[in-house]
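# Structural overview
Each chain, letter by letter, is given below.
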Amino acid sequence: RQDLLIDWLQKKVEGGIVWQSPDGVAVICDIPGNADNFYRAMPVDAGHKILGWIEQYEPRTRWSCGISQISQHVKTLAEVYKQALLTLTFLQRMRQDRRVFHWNDLGGMRLLIKDVYSADSTQYIEDQLGPLLRLRDKEKREELLVTLRELVACDSVETIANHLHVHVGTVR
């Protein structure tokens, strides 16, 4: 079924490439070299458009989209693919109210997640979050993980308090 979706989507994405990746469906869209700054500032709109096409084809499936920075060189395709995947992986878990995520949405977290799959990062996560992830009380563990996700999302104190349904002073 996904092969048929990819074939159908390829016809919609003019000048782009659509393929099955180990992580889902990947899309590279062509942006003309003479495109003005306004056109280059619209990748999130393109993400919403692609999701709209997918929903036309598969209306019962919820999809999300990770978008990298724009690249003009084939040499950087692996890097921008990684950006899009990391963006989707992290922001989708933190911001479940959204479906299209751009690399720039990560802000300063981009510095932290670039090497998230390295041995050092894995060890750090185990050292710092291991006790939390191994809590036997599932309800307490989930409550603490929700709080951690909100704090890492880097929203304002007021937004975090609103999402957690607590007083602003509790977050501070």
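The following paragraphs examine the structure supplied in this document.

How each quantity is defined
Residues numbered from 1 in each chain as written. Predicted model: local features only at pLDDT ≥ 70, side-chain atom pairs only at ≥ 80, totals over all residues. Heavy atoms only, no water. Helix = DSSP H or I, 4+ residues; strand = E, 2+ residues; numbered from the N terminus. Buried < 20%, exposed > 50% of the residue type's maximum accessible area, 1.4 Å probe, protein only. Areas by Shrake-Rupley, 256 points an atom, 1.4 Å probe, with all protein chains shown as cover. Core = buried A, V, L, I, M, F, W, Y, C linked by side-chain atoms within 4.5 Å. Contact = heavy atoms within 4.5 Å. Polar contact = N/O pair within 3.5 Å; in protein donor to acceptor, adjacent residues only side chain to side chain. Salt bridge = Lys/Arg side-chain N within 4 Å of Asp/Glu carboxyl O. Arc of directions from axis to C-beta. Expected span 1.5 Å × (residues − 1).

### Some points on the overall build of the chain
Of regular secondary structure, the chain possesses 9 helices and 4 strands. When the helices and strands of the chain are read in sequence order from the N terminus, they spell out α-β-β-α-α-β-α-β-α-α-α-α-α. Considering the chain as a whole, with its 172 residues, one finds that 31% of them fall into the buried category. Accessible surface computed for the chain: about 11900 Å², of which carbon and sulfur atoms make up 53%.

### Thoughts on the nonpolar core
Counting residues in each nonpolar core, the largest one holds 14 residues, and the members touching the most others are Leu-9 and Ile-54. Elements supplying a minimum of two residues to this core: helix H1 (2–12), helix H3 (43–57) and strand E3 (65–67). For this core, the element with the most residues is H3, which contributes 5 residues. With residues near it in sequence (within four places) discarded, Leu-9 still touches Val-18, Val-25, Val-27, Ile-50, Trp-53 and Ile-54.

### Brief notes about the side chain of Arg-99
One can find Arg-99 in the loop between helix H4 (77–94) and strand E4 (100–102). Of the polar contacts made by the side chain of Arg-99, one reaches the backbone oxygen of Trp-63; its length is 3.0 Å. In this structure Arg-99 touches Leu-51, Glu-55, Arg-62, Trp-63, Ser-64 and Cys-65, once residues within four positions along its chain are discounted.

### Thoughts on the pattern of salt bridges
Tallied over the full model, the rule gives 4 salt bridges. One salt bridge connects Arg-172 with Glu-158, and the closest N-O pair in it is separated by 3.4 Å. You can see Arg-172 sitting in the segment after helix H9 (168–171) and its partner Glu-158 sitting in helix H8 (residues 157–164), a full 14 residues away along the chain.

### A closer look at H1
Every buried residue belonging to H1 is among Leu-5, Ile-6 and Leu-9, and all of these are buried. Around the axis of H1, the buried residues are gathered within 100° of arc, so they sit on the same side. Projecting away from the buried face of H1 at angles above 90 degrees are the exposed residues Asp-3, Leu-4 and Lys-11. Those residues of H1 that are buried lie in contact with strand E1 (17–21), strand E2 (24–28) and H3.

### Things to note about H3
Over its 15 residues, H3 runs 21 Å from end to end, which matches the ideal 21 Å to within 8%, given 1.5 Å per residue. Within H3, the full set of buried residues consists of Pro-43, Gly-47, Ile-50, Leu-51, Trp-53, Ile-54 and Tyr-57. Along H3, the residues classed as buried sweep out an arc of 155° about the axis, all on the same side. Facing away from the buried side of H3 by more than 90 degrees, the exposed set consists of Lys-49 and Gln-56.

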